[in-house]
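Summary of structural features
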Amino acid sequence: MENPQKDTFFRKYKRLLKEEGFFGAISNTVFRSKVWESVFRHGFSDTPKNRTLKVISNVFLHLHPAKVKRHAPQFKFTWCMGGISFFLFLTLTVTGILLMFYYRPTVHDAYWDIKDLEYQVPFGALLRNLHRWAAHLMIITVWLHMFRVFATGSYKPPREFNWCVGVVLLVVTLLLSFTGYLLTWDQLGFWAVTVGTNMARSTPLLGHEGPFGEQLGMTAHNDIRFALLGGSLVGGNALLRAYVWHCIGLPLIISVFMMVHFWRIRKDGGISGPL
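Residues numbered from 1 in each chain as written. Predicted model: local features only at pLDDT ≥ 70, side-chain atom pairs only at ≥ 80, totals over all residues. Heavy atoms only, no water.

**A short note on the pattern of salt bridges**
Tallied over the full model, the rule gives five salt bridges. Residue R104 pairs with D113 through a salt bridge whose shortest N-O separation is 2.9 Å. Residue class for R104 comes out partly exposed when judged on its relative accessible area of 45%. Take D113: its relative accessible area is 6%, and that puts it in the buried class. For K115, the salt bridge is made with E118, and the minimal N-O distance between the two is 3.9 Å. (Salt bridge = Lys/Arg side-chain N within 4 Å of Asp/Glu carboxyl O. Buried < 20%, exposed > 50% of the residue type's maximum accessible area, 1.4 Å probe, protein only.)

The structure is reproduced here in structure tokens:
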């Protein structure tokens, strides 16, 4: 006994073949299927309403405004520093994941893994330099982005909260760069982290040499410096902690704050206009 539903499907497909040809029938069958419509809920019609619906219903795009003002894409006003900073962050994420395949965060292996990456791994030097220079450029572009926002008064109401979020993103960006310094386990990284963590001893409340630290019971063996290094000296514990913060902790924190940052731009009416 023939299945009438199956017969209807083949008849419909034959009709599509006659009317639209082979590729047209395939396109019609795929793009109008229940599976496709469950994933992409809006068609390809280029209308203002459809473009707005596509942005609002997408998990990534809805963080951004559905519409932007005419001045928003202008390079002479925004300098594109925010978008370039985000692009550099994506570059750092991809190259960082690839670098993790060739790196071991131990005192005996870290430095030699970097040397192997430079001289033994195919395109390893290119990969490392992409990560390194993208990190330097991200710090520069984030600073320029903050300067542009300040110079154009974009931190003023109703955007004062997003300015605070941006300050947090700047601090986390600097911490990412600082923790990455130690991972090469060379003289530059070793002494940079030594000097940087020695400064933490003077942190108010949390450092044993800082204001009110002694009153709160802080010593060289329980203050913020000890927590950062996992000990009293820059050694294997410090290297491991820097690796975990650099590869997991800080990227998660900066990702969350970036999503809030993008979302607040949308809620605050898009990118601010010229003064």
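Now that the structure is up, let's keep going.
**Here's the deal with the confidence of the model for the protein**
Looking at the protein as a whole, its pLDDT mean stands at 89, while 95% of the residues score no less than 70. By mean pLDDT, the top-scoring element of the protein is helix α5 (residues 81-100) (97), and the lowest-scoring one is helix α1 (residues 4-31) (73). (pLDDT = per-residue confidence, 0-100. Helix = DSSP H or I, 4+ residues; strand = E, 2+ residues; numbered from the N terminus.)

**Section: the side chain of H246**
Here H246 lies in helix α11 (residues 236-267). Side chain to side chain, H246 and T179 meet in a polar contact 3.1 Å long. If we ignore the near neighbours within four places in the chain, the residues touching H246 are H131, L176, T179, G180, L183 and P251. (Polar contact = N/O pair within 3.5 Å; in protein donor to acceptor, adjacent residues only side chain to side chain. Contact = heavy atoms within 4.5 Å.)

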